[in-house]
Each structure stands twice: as C-alpha cells, then as structure tokens.
There are 2 protein chains.
Amino acid sequence: MNVHEPERRLVTLADVARAAGVGESTVSRVLRNQGSFSKRTQDRVAEAVARLGYVPNRLAGMLAGSGTTAGAKLVGIIIPSLTNIVFPDLLRGANAALDRDGFQSVIGVSDYDPSREEALIGALLSWRPAGLIVTGLEHTPGAVARLRASGIRVVEMIDTDGTGLDIVVGFSNRAVGCDSARHLLDRGYRRIGYVGHDITRDLRAAKRLAGFCETLVQAGHPLVERAIASGPSSAAAGREALGQLLARRPDLDAVYFSNDDMALGGYFHCLAEGIAVPGRLALFGFNALDIAAAMPRPLATIRTPRLEIGAMAAERLGADGPPEVIDLGYELIPGATA
Amino acid sequence: MNVHEPERRLVTLADVARAAGVGESTVSRVLRNQGSFSKRTQDRVAEAVARLGYVPNRLAGMLAGSGTTAGAKLVGIIIPSLTNIVFPDLLRGANAALDRDGFQSVIGVSDYDPSREEALIGALLSWRPAGLIVTGLEHTPGAVARLRASGIRVVEMIDTDGTGLDIVVGFSNRAVGCDSARHLLDRGYRRIGYVGHDITRDLRAAKRLAGFCETLVQAGHPLVERAIASGPSSAAAGREALGQLLARRPDLDAVYFSNDDMALGGYFHCLAEGIAVPGRLALFGFNALDIAAAMPRPLATIRTPRLEIGAMAAERLGADGPPEVIDLGYELIPGATA
DNA sequence: AATCAGATTGGCAGCGCTGCCAATCGCTGT
DNA sequence: ACAGCGATTGGCAGCGCTGCCAATCTGATT
C-alpha cells in the first residue's frame, strides 16, 4: 500500500477547517466537544471530517496540550511476561477501565528482568504518558529514580508486601502463602513438599513460599522437601518436578505448587501414575485458573482478583490524591484436591 | 507524587543543549547517533543528559520527523481477545521482533467485535504508527477504508483463507480443519461430533469447522452432531458441552474441538465419567497448548506457529515490497487421544 | 601561505494541534 | 435606538524536536 501512493500528505485539521469554512480552533473545539459552538458549525465540521476522512493526529494534540490538564490520554503498562495467563488478565482488567475513559495503553514486557524493566520505563516515559502501571514493588534504583523524576502517577500492582512508590494495588503474597499452609495443616497434612519454578526471577512466588514455610515451621511441621524447575512455570515443568520430588520423598502427603499451571502438571503426574488425589497426595495451587476448576476434582487453590486489580490500577491512575495501598485480597478455594 | 511537585517543567532538549554548551541539533544528532559529531561533544552531551535526567519526548520527535523516513517508531496491534493464550502468544512474538528494532507497540483489544475493531483502528491510526497489525481478514467496510486511506503498511495475521489488504501472515484454518478430519478418518473413526464455542464471533474457528465438515462429507461420514457453548472458549465450557453432546449421541467415537481449551475440558469430562480415551472416545483439539501436551495422554492437536506469526508480522511491517501472503503452516501432533 | 574537501556544528522553520485572548454575533432590557 | 452580556468564533503563539542549510573548523594538499 505505502509504496504505491505518490507521497500524498495526510489530511490535517487545517484542511478540515478550510473545507468547513470555519477556523481551526473551532474545528478543534467541535472535535473534542469542548467549549461552545453552534449546531450548524458542528454539522459542517462533521461533514467535512467525514468527506475528507480526517484522522486527528494525537501526537500533535498531546504535544500542544502538554503542560495542561488535558492532553495525556495515554498510559504505560509494564508486565513481566505474557506467557502466564495472569498478566494478560491484568491487562484485560486495566484495558477495560482505560477504554472507558478514552485512554490508550502502551505496554512493555520486561521478561522478569529488572534492568529490562528500567529500560522499558525510560521508553514508556518518553511517550509522556499520564501515568504508568508497573508490576511488583521491586525495581532497580535507576528505575525508581526515573519514576520519581517523571512526576507522574505510578501504580504498582499485584503485590503489597513491601513499600510502594505511589499507589499500590494488589494483595499480600506472603499472606497467601501463610493461608495456604494453614489450610493444609488444618486438613491434617504433615509431610508437605513444594514444587515451584525459578524463584529468583518470580519474586512474588518467593514471597508466597516464604509465608508458606514460616507457617509450617511455626506449626512444627517444616517443609519436607522442594523441587524447583528451571525456566518459567508450565504444566510440563510441574509434572516433571513433582515426579522428581516424589522420587526423593515418596512419603509426602501434600504438595504446594508455585501456581496452578504447575499444579495442573502435578495432577497429571498423579493421574498417570495412579496416585490418588487427595487420598494419597493432596495438591494445592495458586491463581484459580479456569482450567483448574474444570478438573475432575477441582483444584484447591487461591483465587486472585486479577481483573479487579487491573481495573483498579487503571482507575486510580486517573485520580488525584495521596499515595495509598489498596489491598484487594484473595479467596481460598477449597476445591477437592486437598 | 504528581500533586506534590510545584509544576516543575520537564527537562527539554534545549536544556540539555545549554548545559552541554552545544546547539540543539547537535544534541539531537548525538542522541539519535545519526550524522557526525566529535567524541568530545558526545561525552559532554552524555554527561548533561545524565546530570539533568533528560528523557526525550517522542511525541515531539515523531511530530517533527513526520513526513520523513525516520520518526515513526511505533506500531499498532489489534487482537480480538486476551482471554485465550493464543493472542498473548502472538503479541509475544511480535513484541520480541519489534523490540529488536526499537519499536514500541500500542495494542487494542477488539473483543471479537468488528465495529469495535473499526473504532480501534481509528484510535490507533491517530498515533500515526509506522504500521498496523490486525487479526484476521474480515473487517468492516469502514475499517478497510481507514486502513487504505492511512497509506501505511498493514499486516493481517493468523488467517490466510481469503483476500488480504496488504500483507498476510498465517496459515489456512480451513486446511487445518480438513487435515484434522482426515486424521480422524484415517484412524478409523466414523461417528464424529464437534464441540465448539461461539462461532459467529470466532470466524477462524468457523473456517476450521467448515473444512472439517467438508472433508467428512467427502468421505461419506458427515458430522453426526455438534454442541456449541455460548460464550468464549474455556475448559469448563468444553467439559459441559461434551457432556451434552454425548447425552444426545452416546454412540460417537470421536469429537473435534474448536480448540485445546475446550478439548481439555472434554478430556476432564471423560476422566470424570470413566470414558476411555481414545478407546471409547477419541479427542482432537487445536493450538497445541503446553498444558495439553502434559496430559497423561498428550492431546491430539494441531501446533500453530504463533510466535513465528507474530514475529514475521512485525518483521514484515518494517519491510518495503509488494503485498504478499506468507503461509507459515502448521503441524499435526498425533498425541495419544486419537 | 592559500586552497579545498570533509567533518562538525548551530540556527531556525516548521510538524499539527491546543490554549489563550480578543473580536464578533445575537439578544435583552431600558 | 443603545448599552450590556453571554455565546460563538478566529488568530496566533507555542509544545519539543527534527530536517535542512549555511557557517565554521580541521587537516591535508599544492
């Protein structure tokens, strides 16, 4: 397409103004439905816009409007990964709320790499967004400095275990770990193991595990054994890691997984090996994936308010007010595997 | 954060130029590493940038650079949904390629709604992107008109069954359906059913089903029965729909699912009901989700090159050249459920 | 020492739009 | 008929950066 056109200049607001026989600022007002103008003017502008196929240039709009209230109808969102459905869910929640307010979002994927996150923050800030939504509370000093210097609203989502920069929306991963442990203990499980993925990268999983272990220790039944899959979480990794874990400690009576993907893999391992769940081995996950609820025995897990977190993050981004921490909680789903 | 600052103006390129004791255009050249400048100048600029914490304003940059080759380091991507992992996968592939070339992406989610897609196209075009990546070949006339008028490169991804606007990257969904049917027929299955989700919205699923049915008819063993879940695809929907399907036609010997999510649910139904797979009932999916490969019996399915499609779409967006169709194919994974 | 190509640099006019302000219009009240 | 006042409208200076071009500088060459 592009190569064929003889470099035809795109229609500008000035073209519309000329075609409609009005001034530029009048067209601008009509288009943004701001200020006052007559019905007749509105119609003429609308007609000209339609006839010329005018598409406003938001770059120019934002540039011109910078420094004032309006302008910035853009937010940046940084998530660590697109592999795990959790993050698309957060995006989905944020997107819905953002759309409603006429915002557009630019997203960046950090791949769980703090330095990449810092670079992305720089890149996104250069679009002069109205605000930035980032994931988690841990950032490089450089990233924090940029965020502070930008002077814009920042929302850190998902995690509340730590100190935030501005607004924090999420839940306590540590508390999730504690509650998960307590649930298993309450049900009488004593020889408990853990199956997780790379915890040096996924800091939230590490916090859950910390809370989990602490509660077990307090109860006098410390974690028996753990298996850590290298690489990101997946059903395949969970299946394999559980196999290894049980090979080392066949006497376990319950296993806590870093998330539902891993747990699902573990469940498949049990199915394949004929291990009764939860009779012989109890399984506990995290995230409440749809798939886990459709299992023959619904997975015991924790439902996290992902859409709500995304939506709340987006909503708060537009609001004025002091920094605050919004804990949206979570819900333990007993399921039937523990 | 924002409310505390006394409206401090952000650092501009002019500030940097002054601080470094050089001209604005020199700073611009150094920052973009374009044109020539001395090492000494480069160091002074770098020092000033670091000291002032300068963040370039890409809005201004793109506006100024519009009309010329450079400038536009932005692309728009429109996908129908974030619920199904397929689309995040496409994004992931595109993102990786885009990042490499220093592009940023603005994404829009159409929610499978053509008129919403049209609106999103308008919104994204107003950012004056270098190109646009959209999903599928079906668009409203208005959307097509806007796309054409924009004069930018457009890539339609995933589907090659139809006529594209500019560049098309994907595979034939119809052929997928045909091959899936042929595979089941070759294995001796004759009483075949279908479990799908809302097909009026997911046009690609409809194409697969069309190819599937056609092949069955040609072989003289037309589709016996179908169950369509309302709403989007999910394991829960697949599980329930398969239950209904079998209630109506207990004699089926194979079921084709609209995708792996649905098939996974179907598999769970079989597990729960003690239906032997594939002894009593064969299952066939689509997409080759990781999870489906971790099942006790790996799911028979079709692997689609999602990352590759995203990556290729992003790559082609930057290239010059005539419109073309790039078929990246797919791979049938026999698995163990059929 | 004069000359010249090439490297380096600065000045400045926009890119397309919005904010601000002054000008004009349409009515009302007296 | 005329002042008064809000509703409408147009003009124009930027927003921060890049492209273009002219100015200056650096050595090497004659």
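Residues numbered from 1 in each chain as written. Chains lettered and ligands numbered in written order. Predicted model: local features only at pLDDT ≥ 70, side-chain atom pairs only at ≥ 80, totals over all residues. Heavy atoms only, no water.

Looking now at the overall build of chain A. Looking only at helices and strands, one finds 13 helices and twelve strands in chain A. On C-alpha atoms alone, chain A measures out to a radius of gyration of 26 Å, which is more than a quarter above the 20 Å that the 2.2 N^0.38 rule sets for 338 residues. Judged by the C-alpha coordinates and their principal axes, chain A covers about 85 × 40 × 35 Å. Counting all 338 residues of chain A, 53% fall into the buried class. Expressed as a percentage of contacts within chain A between residues at least 6 apart in sequence, the contacts between residues at least 24 apart total 67%. For chain A, the exposed surface amounts to about 13400 Å²; the carbon and sulfur share of it is 53%. Across chain A, the centroid of the 36 positively charged side chains sits 4 Å from that of the 37 negatively charged ones. (Helix = DSSP H or I, 4+ residues; strand = E, 2+ residues; numbered from the N terminus. Rg over C-alpha atoms; globule rule 2.2 N^0.38 Å. Buried < 20%, exposed > 50% of the residue type's maximum accessible area, 1.4 Å probe, protein only. Contact = heavy atoms within 4.5 Å. Areas by Shrake-Rupley, 256 points an atom, 1.4 Å probe, with all protein chains shown as cover. Lys, Arg positive; Asp, Glu negative; His and termini not counted. Charge placed at Lys NZ, Arg CZ, Asp CG, Glu CD.)

Residue and element names in this part refer to chain A. Here helix α3 (residues 39-52) is 14 residues long and its end C-alpha atoms lie 20 Å apart, about the 20 Å a rise of 1.5 Å per residue gives. Residues of α3 that are buried: T41, V45, A48 and V49. Seen end-on, α3 carries its buried residues on one side only, within an arc spanning 100 degrees. Exposed and oriented more than 90 degrees from the buried face of α3 are K39, R40, A50 and R51. Summarising the contacts, the buried residues of α3 are in contact with α1 (13-20) and α2 (24-32). Once α3 ends, the next one or two residues include G53, with phi positive near 65 degrees. (Expected span 1.5 Å × (residues − 1). Arc of directions from axis to C-beta.)

On to the protein's contact with DNA strand C. Neighbouring DNA strand C are 28 residues, the closest being L13, S28 and Y54 of chain A together with T26 and T41 of chain B. The contact in question runs from a phosphate oxygen of DNA strand C to an N or O atom on the backbone of G23 of chain B, over 2.6 Å. One of the backbone N or O atoms of L63 of chain B is found 3.5 Å from a base oxygen in DNA strand C. Of all elements in the fold, only α2 and α4 (58-65) of chain A together with α2 (24-32) and α4 (58-65) of chain B reach the threshold of two or more residues within the surface near DNA strand C. The greatest single-element share of the surface near DNA strand C, amounting to four residues, is contributed by α4 of chain A. (Near = heavy atom within 4 Å. Polar contact = N/O pair within 3.5 Å; in protein donor to acceptor, adjacent residues only side chain to side chain.)

We now examine the protein's contact with DNA strand D. For DNA strand D, the set of nearby residues contains 28 residues, the closest of which are T26 and T41 of chain A together with L13, S28 and Y54 of chain B. The sugar-phosphate backbone supplies 68% of the atoms of DNA strand D found within 4 Å of the protein. Here a phosphate oxygen of DNA strand D and a side-chain polar atom of R32 of chain B are 2.8 Å apart. Those elements that place two or more of their residues in the surface near DNA strand D are α2 and α4 of chain A together with α2 and α4 of chain B. It is α4 of chain B that contributes the most residues to the surface near DNA strand D, four residues altogether. Residue composition of the surface near DNA strand D, grouped by class: ten nonpolar, 16 polar and two charged. (Nonpolar A, V, L, I, M, F, W, Y, C, P; charged D, E, K, R; others polar.)

Moving on: the pattern of salt bridges. All told, the structure shown has 32 salt bridges over all chains when counted by the stated rule. Two residues, D15 of chain A and R18 of chain A, come together in a salt bridge whose shortest N-O distance is 3.3 Å. Of this pair, D15 of chain A and R18 of chain A both sit in helix α1, separated by three residues, roughly a single helical turn. Here D99 of chain A ties to R116 of chain B by a salt bridge, and the two come within 2.1 Å at their closest N and O atoms. Separated into two different chains, D99 of chain A in helix α5 (residues 86-100) and R116 of chain B in helix α6 (residues 114-125) make up a pair that spans both. Look at R116 of chain B and you get partly exposed, because its relative accessible area is 26%. (Salt bridge = Lys/Arg side-chain N within 4 Å of Asp/Glu carboxyl O.)

Bringing the packing of aromatic side chains into the picture now. All names here are of chain A. Per the counting criterion, the structure on display carries 15 aromatic pairs over all chains. Among the aromatic residues, those joined into a cluster by ring pairs are Y194, F212, Y256 and F284. Between R208 and the ring centre of F286, over which it is positioned, the NZ or CZ distance is 3.7 Å. (Phe/Tyr/Trp six-rings, centres within 6.5 Å; stacked < 30°, edge-to-face > 60°. Lys NZ or Arg CZ within 6 Å of the ring centre and 35° of its normal.)

Here the focus is the interface of chain B and chain A. Each side of the interface is counted separately: chain B has 64 residues, and chain A has 64 residues. Inspection of the region where chain B meets chain A yields two salt bridges. For the pair chain B and chain A, the number of links is ten residue pairs in polar contact (both at pLDDT 80 or more). The set of elements that each furnish at least two residues to the side of chain B that touches chain A consists of α4, α5 (86-100), β2 (104-109), α6, α7 (141-150), β4 (153-159), α10 (235-248) and α11 (260-273) of chain B. Ranked by residues supplied to the side of chain B that touches chain A, first place goes to α6 of chain B with six residues. Taken together, the residues of the side of chain B that touches chain A break down into 39 nonpolar, twelve polar and 13 charged.

The domain boundaries assigned to chain A delineate domain 1 (13-56), domain 2 (74-171 + 306-328) and domain 3 (173-303). Averaged C-alpha coordinates put domain 1 of chain A and domain 2 of chain A at centres separated by 36 Å. (Domains from an automatic or database assignment.)

Mapping chain B onto chain A calls for a rotation angle of 180 degrees and an axial translation of 0.0 Å; the resulting RMSD is 0.0 Å. The operation mapping one copy onto its partner corresponds to a two-fold rotation axis. Most of the interface of chain B is mirrored in chain A, where 100% of its interface residues again form contacts. (Least-squares fit on C-alpha atoms with pLDDT ≥ 70 in both.)

Residues and elements named next belong to chain B. Across the sheet, four strands lie side by side as β7-β6-β8-β9; this open sheet has parallel pairing. Looking at the sheet topology across the chains shown, the edges are occupied by β7 (225-228) and β9 (282-284). Taken over all neighbouring pairs, the strand axes of this sheet differ in orientation by 20 degrees on average, direction set aside. In this sheet, strand β8 (residues 254-257) lies alongside strand β6 (residues 192-196) in parallel orientation, the contact comprising four bridges. Paired with Y194 across the strands is Y256, a residue of β8. Taken strand by strand, helix α8 (residues 173-186) contacts β6, β8 and β9, and its axis lies near 165 degrees from that of β8. The sheet strands contacting α10 are β6, β7 and β8, and the helix crosses β7 at an angle near 150 degrees. (Pairing = 2+ DSSP bridges. Axes fitted to C-alpha atoms, helices over the stretch in contact; angles between N-to-C directions.)

Turning our eyes to something else, we now look at empty space enclosed by the protein. Empty space left among the atoms is revealed by rolling a probe the size of a water molecule over them. Residue and element names in this part refer to chain A. Per the stated rule, a full pass over the model turns up four cavities of 30 Å³ or more. Counted as a void, the largest cavity has a volume near 180 Å³. Around the largest cavity, the lining is made up of 17 residues, and of these V86, I158, R208, F286 and N287 lie nearest the centre. Secondary structure elements with two or more residues in the lining of the largest cavity: α5, α9 (203-218) and α13 (306-318). (1 Å grid on protein atoms, 1.4 Å probe; cavity = no way out; pocket = protein on both sides within 12 Å on 5 of 7 lines; lining within 4 Å. Points joined across faces, edges and corners; volume = space filled by probe spheres on them.)

All names here are of chain A. Pairing is parallel in the open sheet, where four strands are placed in the order β7-β6-β8-β9. On the outer flanks of this sheet lie β7 (225-228) and β9 (282-284), each paired with one strand and no other. Between one strand and the next, the sheet's axes are offset by a mean angle of 20 degrees, whatever the strand orientation. Each of β6 (192-196), β8 (254-257) and β9 is contacted by helix α11 (residues 260-273), which is oriented at about 160 degrees to β9, the strand it contacts most.

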